[in-house]
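Architecture and fold: a report
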Amino acid sequence: MDLTQGGSRRSDENAHPEVQPAAADQGDAVPTDTEAIDAKVVDDQPAQGTDAEGQAVAAQPAAAQPGDEPPADAPVADAETPEPAPAPAVAQPRIERKYPVDPDAPPAVSVQDLSITYRTTFEKIPTIKSAIVRLGRGERAVREVHALQNLSFDVMEGTALGIIGANGAGKSTLMRALAGVLPPTSGRIEVRGEISSLLSLGVGFNGALSGRENVMLGGLAQGLTRAQVAERAEEIAEFAELGDFMDLPLRTYSAGMAQRLAFAVSVHMEPDILLIDEALSAGDARFKNKAAAKMDELMSSARAMFLVSHSLASIRELCNEAIWIHEGRLMMRGTPQACGDAYTRFLEVGENAFTLEDL
Amino acid sequence: MPTQEAVRPRRGELRVYEPHRAGLPKFGPYFSDLRHRLPFAAEFSRSGIRAAHTQTVFGQLWLVLNPLLMALVYYLLVAILSSNGGGVDRLAHIVCGLFVFQLVAGGLQQGATSVTGGGRLIMNMAFPRLLMPLAAVRTAFFRFLPTVPVFLVIKAFTDEPWGLQMLLSVVFLLMITVFSFGLAAIMATLQVYFRDTSSFLPFFTRIWLYLSPVLWTIDDLGGHGQRFAHLMLIGNPLFSLIGGWTQLALLNEVPEPKVWLAGAIWAVVAAVAGSLLFMSREREFAVRL
């Protein structure tokens with residue numbers, strides 16, 4: 001877990017603790033003095049208040065914040081006392097919106113009781129007997145994998161939703177369902193807006209063609225017209241920063257370079273709803289900064305964004321809400337800080353996820 | 001509903017994803033989506049052709065070399081095995097039918113593996129999957145085009161007449177392309193459910209070649225010719241399609257109306273049946289890959 005990844009960004013705030021008490025979901029702001037600690041306590045209240053999904057939130061003792069950055073240990077433990085503080089009614093989005101969002105608008109994405117089950121058949125290794133009986137084939141076993149079970153949530157416009165969960169929890173399945181690739185086994189999904197997805201990098205790419213030609217292919221695959229891709233080709237090339245490699249065949253690229261190119265193509269699609277599936281792992285540190293800045297920019301004009309990442313710091317950085325999925329079920333919904341904390345506590349403790357509900 | 005001033009003008013309408021029921025999607029949005037994405041299918045197929053021979057010595061020349069070598073092989077076979085011998089006329093006839101047969105067979109073979117072979121693309125992007133067999137047939141068509149000058153050069157060495165009727169062969173070419181699209185869609189669907197399909201396909205194609213008037217002509221059949229021809233007209237779509245094409249392109253004769261009719265019917269039936277079958281099943285593909 002890259003908990004310290006955001007450390008370098010936070011260092012400015014550490015030095016100058018001008019924490020705004022009203023910044024409700026800034027749970028990642030590190031308190032270094034009493035005033036800031038009060039602000040931190042205030043932060044915890046709305047974190048519990050906004051879990052409106054009926055999931056019992058794991059109790060958030062104000063002291064124990066295992067997800068915090070290192071500087072926050074000694075002063076926090078001593079000085080925190082739970083103080084009643086008015087909870088702000090609405091979590092402020094950290095992204096500046098370019099246009100006003102209508103609060104009465106229907107949700108950008110509405111997932112209603114979604115279940116997805118994969119059916120796979122596989123041949124078990126044939127024993128001699130079964131090989132003879134079944135003419136040389138093994139026994140065909142059918143296995144059902146319940147990737148998602150009765151998931152329900154609504155995502156309003158202006159939300160950047162982070163999705164966290166262990167491997168195999170169903171995050172990518174959820175993304176594919178939102179993109180329309182996988183039909184639900186039961187339940188339904190409503191989506192309002194054009195979806196641009198960065199589900200798997202390098203989709204539509206052909207190794208023998210040059211970077212520029214692949215940009216055209218990737219752009220067309222994402223649904224743009226030829227003219228639109230041609231317009232953006234320069235921007236994309238600049239963003240990817242590949243230099244001369246743009247004209248060399250894709251098979252000469254390193255894995256990271258190919259991912260950067262794919263990412264560059266995908267973020268220039270002007271999406272309404274952006275789905276990003278663990279794509280932020282691409283690139284070196286400099287590119288990561290650029291990528292995060294670009295996604296901020298996109299969020300200011302997109303309806304909604306869904307980000308799947310194992311980096312809790314990225315989720316805290318870029319998202320204003322988060323959900324935690326475990327074994328296909330929605331465990332929790334809340335601020336990125338709250339979800340991240342519950343998730344890391346679950347991983348460290350290793351208990352059955354459902355036991356946490358009773359605390 | 002929010003007013004237009006409050007939110008950015010919406011580009012997409014409401015999409016609802018519901019459990020897959022065997023049945024056709026709504027044609028309106030499906031075909032408009034398909035039309036919108038056609039440039040991608042074109043680019044995909046074009047880049048596939050370009051990429052196919054990148055590191056070879058002959059490069060794109062293979063598009064011509066391949067059919068030529070194949071024609072040579074079949075010519076040797078026929079010239080050696082048949083009693084009335086070879087000759088440039090024979091070669092021209094074989095070449096004429098063979099190249100367009102390759103259009104169908106190539107479209108079939110590539111179409112069959114278009115869906116199962118397009119794994120990542122299918123799993124990660126939502127688009128009308130009918131684009132995949134479309135791209136495969138487009139590839140086969142563009143591989144066919146460079147062979148037309150080769151055929152014309154060979155025809156120049158024969159005594160066959162030239163004339164304006166040859167241009168009518170374009171109609172048959174169109175029918176053949178539509179027909180192979182329909183078949184490619186069927187094969188692609190079958191391949192997802194029975195992966196054996198692509199293994200049977202080469203043999204099926206080979207037998208079909210022998211049953212079509214490519215290596216032989218109607219006149220070769222002798223006495224049984226008429227009855228056989230009538231059966232073939234109805235039973236073997238390529239009989240009318242390739243037969244008509246050869247008559248126009250090589251012999252400069254306009255075929256009888258029944259050939260035109262049979263060809264058109266086969267093309268339309270194949271395309272419609274193939275598309276409907278494919279579209280009714282395509283939502284399952286992502287789950288079965």
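These remarks concern the structure in this document. (Residues numbered from 1 in each chain as written. Chains lettered and ligands numbered in written order. Predicted model: local features only at pLDDT ≥ 70, side-chain atom pairs only at ≥ 80, totals over all residues. Heavy atoms only, no water.)

Next up on the list: the overall build of chain A. Each helix and strand in chain A was counted, giving eleven helices and nine strands. On chain A, roughly 15,700 Å² of surface is accessible, and the fraction owed to carbon and sulfur atoms is 52%. (Helix = DSSP H or I, 4+ residues; strand = E, 2+ residues; numbered from the N terminus. Areas by Shrake-Rupley, 256 points an atom, 1.4 Å probe, with all protein chains shown as cover.)

All right, on to the side chain of Arg232(A) then. Among the structural elements, Arg232(A) can be located in helix H7 (residues 226–240). With sequence-adjacent residues up to four places away left out, Arg232(A) is seen in contact with Leu224(A), His268(A), Met269(A) and Glu270(A). (Contact = heavy atoms within 4.5 Å.)

Moving on to the pattern of salt bridges. One pass over the full model with this rule turns up 13 salt bridges over all chains. For Arg50(B), the salt bridge identified is with Glu213(A), shortest N-O distance 2.6 Å. One end of the pair, Arg50(B), is in helix H1 (residues 27–52); the other, Glu213(A), is in helix H6 (residues 211–221), on a second chain. One salt bridge connects Glu297(A) with Lys294(A), and the closest N-O pair in it is separated by 3.5 Å. Residue Glu297(A) and its partner Lys294(A) are located together in helix H9 (residues 285–301), separated by three residues, close to a single helical turn. (Salt bridge = Lys/Arg side-chain N within 4 Å of Asp/Glu carboxyl O.)

Residues and elements named next belong to chain A. Together, Glu231, Glu234, Glu235 and Glu238 line one region of the surface with negative charge. Examined against the element boundaries, Glu231 turns out to sit in helix H7. Given the relative accessible area of 59%, Glu231 is considered exposed. (Patch = residues over 30% accessible without salt bridge, like charges linked within 9 Å, V, L, I, M, F, W, Y side chains within 5 Å. Lys, Arg positive; Asp, Glu negative; His and termini not counted. Charge placed at Lys NZ, Arg CZ, Asp CG, Glu CD. Buried < 20%, exposed > 50% of the residue type's maximum accessible area, 1.4 Å probe, protein only.)

Residues and elements named next belong to chain B. Between helix H7 (residues 169–193) and helix H11 (residues 257–288), the least distance of the axes is 7 Å, while the angle of their chain directions is 30°. In this view, H7 runs roughly parallel relative to H11, as classed from their interaxial angle. As for the relative orientation of H7 and H11, their crossing is left-handed in sense. Taken together, the residues that form the contact of H7 with H11 break down as 21 nonpolar, five polar and three charged. (Axes fitted to C-alpha atoms, helices over the stretch in contact; angles between N-to-C directions. Parallel < 35°, antiparallel > 145°, perpendicular 65-115°, else oblique. Left-handed = near helix turned anticlockwise from the far one by under 90°. Nonpolar A, V, L, I, M, F, W, Y, C, P; charged D, E, K, R; others polar.)

This part covers H9(A). Helix length check: H9(A) (17 residues) gives 25 Å between terminal C-alpha atoms against 24 Å at 1.5 Å per residue, within 8%. Buried within H9(A) we find Phe287(A), Ala291(A), Ala292(A), Lys294(A), Met295(A), Leu298(A), Met299(A) and Ser300(A). (Expected span 1.5 Å × (residues − 1).)

The next subject is the environment of His146(A). All names here are of chain A. Looking at where His146 falls in the secondary structure, it is placed in strand E2 (residues 140–155). Among all residues touching His146, those that are not within four sequence positions of it are Ile116 and Thr117. Side chain to side chain, His146 and Thr117 meet in a polar contact 3.5 Å long. (Polar contact = N/O pair within 3.5 Å; in protein donor to acceptor, adjacent residues only side chain to side chain.)

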